[in-house]
Amino acid sequence: CLAAFEEGLACLPTSSLETEKEFEQAKVVVAARIPGGEARLSGVPEQKLRRSWEDWRRLRLLEASEVFEAWLQSCQFINQAASDGSTLSGEGPAFEALCTKLSTDLRYTRLDLLPRERTKMIVDRLQEVREEQQTSRAERIAATETHDDDEDDGEDIGSKGADAAKRQRRA
């Protein structure tokens, strides 16, 4: 029954990546999990099962993309790599090293089926962090300059006041 197949897909754990890659694998795994197994699915046209799997897969990958983007927001590897401008192109040794670090996490590997989209998400986040770093740096510099100006003004006032006090004592 198609509904049982769809329920079986919905219950697959996130770590079950092979079921996202191949329809046949998903069909075998789901059949093993539902009562009546393959016999129950035998009456459902293959095209309907495949369409249900494709819809499920599309939603799973969309969810995986959202989870990955959220993770990138707090990922320390991104913050470190953003300071190396060569990573912003999405190519080269520094970017590959970053991807190697990220690839140890399931949130990264779940998007193996969407490598270009995953790379774009990483590059977009690197650029955001780089802009944040530059803005923060500019704000710190501006604050330092403002603080230095305030100190200079204080020194001028203080020295003018001291000069006036000396003049009054002389008079």
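Values in this document were obtained by computation on a predicted structure and should not be read as measured data. (Residues numbered from 1 in each chain as written. Predicted model: local features only at pLDDT ≥ 70, side-chain atom pairs only at ≥ 80, totals over all residues. Heavy atoms only, no water.)

Caption draft 1: The nonpolar core, seen in detail. Core analysis: the biggest nonpolar cluster contains 19 residues, and Phe-68, Ile-78, Leu-98, Leu-102, Ile-122 and Leu-126 have the highest contact counts within it. Mapped onto this core, the elements with two or more residues apiece are helix 5 (46–74), helix 6 (76–82), helix 7 (93–102) and helix 9 (115–170). By residue number, the principal contributor to this core is helix 9, which donates five residues. Once residues lying within four places of it in the same chain are set aside, the contact partners of Ile-122 are Phe-68, Leu-72, Ile-78, Phe-95, Leu-98, Cys-99, Leu-102 and Tyr-108. Ala-4, Leu-12, Val-30 and Leu-41 belong to the second largest nonpolar core, which has 14 residues in total. (Core = buried A, V, L, I, M, F, W, Y, C linked by side-chain atoms within 4.5 Å. Buried < 20%, exposed > 50% of the residue type's maximum accessible area, 1.4 Å probe, protein only. Helix = DSSP H or I, 4+ residues; strand = E, 2+ residues; numbered from the N terminus. Contact = heavy atoms within 4.5 Å.)

Caption draft 2: Molecular detail of the environment of Ser-89. Considering the arrangement of structural elements, one finds Ser-89 in the loop between helix 6 and helix 7. When the C-alpha positions of Ser-89 and Val-123 are compared, they lie 7.0 Å apart, and in sequence the two are 34 residues distant. A distance of 3.3 Å separates a polar atom in the side chain of Ser-89 from the backbone nitrogen of Glu-91. (Polar contact = N/O pair within 3.5 Å; in protein donor to acceptor, adjacent residues only side chain to side chain.)

Caption draft 3: Expanded view of the packing of aromatic side chains. Counted by the stated rule, this structure contains four aromatic pairs. Members of the aromatic cluster, each reached through a chain of ring pairs, are Phe-5, Phe-23 and Trp-53. We note Arg-118 situated over the ring of Tyr-108; from NZ or CZ to the ring centre the distance is 3.9 Å. (Phe/Tyr/Trp six-rings, centres within 6.5 Å; stacked < 30°, edge-to-face > 60°. Lys NZ or Arg CZ within 6 Å of the ring centre and 35° of its normal.)

Caption draft 4: Geometry of the side chain of Ser-52. Following the sequence through the fold, Ser-52 ends up in helix 5. Only 2.7 Å separates the side chain of Ser-52 from the side chain of Glu-6, close enough to count as a polar contact.

Caption draft 5: Expanded view of the pattern of salt bridges. Under the definition given, this model contains eleven salt bridges. With a closest N to O distance of 3.8 Å, Arg-110 and Glu-63 form a salt bridge. One end of the pair, Arg-110, is in the loop between helix 8 (106–109) and helix 9; the other, Glu-63, is in helix 5, with 47 residues separating them in the sequence. Where salt bridges share partners, they join Glu-20, Arg-60, Glu-63 and Arg-110 into one cluster. (Salt bridge = Lys/Arg side-chain N within 4 Å of Asp/Glu carboxyl O.)

Caption draft 6: Up close: helix 1 (residues 2–10). Within helix 1, the full set of buried residues consists of Ala-4, Phe-5, Gly-8 and Leu-9. Looking straight down helix 1, one finds its buried side chains confined to an arc of 140 degrees; they lie on one side. Of the residues in helix 1, the exposed ones pointing more than 90 degrees away from the buried face are Glu-7 and Ala-10. Contacts from the buried residues of helix 1 go to helix 3 (23–33), helix 4 (37–41) and helix 5. (Arc of directions from axis to C-beta.)

Caption draft 7: Highlighting the packing of helix 1 against helix 3. Their axes nearest at 9 Å, the elements helix 1 and helix 3 cross at an angle of 100 degrees. It follows that helix 1 is roughly perpendicular to helix 3 by the angle criterion. Across from Ala-4, Phe-5, Gly-8 and Leu-9 in helix 1, the residues of helix 3 making contact are Phe-23, Ala-26, Lys-27 and Val-30. (Axes fitted to C-alpha atoms, helices over the stretch in contact; angles between N-to-C directions. Parallel < 35°, antiparallel > 145°, perpendicular 65-115°, else oblique.)

Caption draft 8: Representation of the packing of helix 3 against helix 5 within the structure. Close contact between helix 3 and helix 5 brings their axes to 10 Å; oriented N to C, the two are set at 95 degrees. In this view, helix 3 runs roughly perpendicular relative to helix 5, as classed from their interaxial angle. Residues Phe-23, Glu-24, Ala-26 and Lys-27 of helix 3 form the contact with helix 5, whose own contacting residues are Glu-46, Leu-49, Arg-50 and Trp-53.

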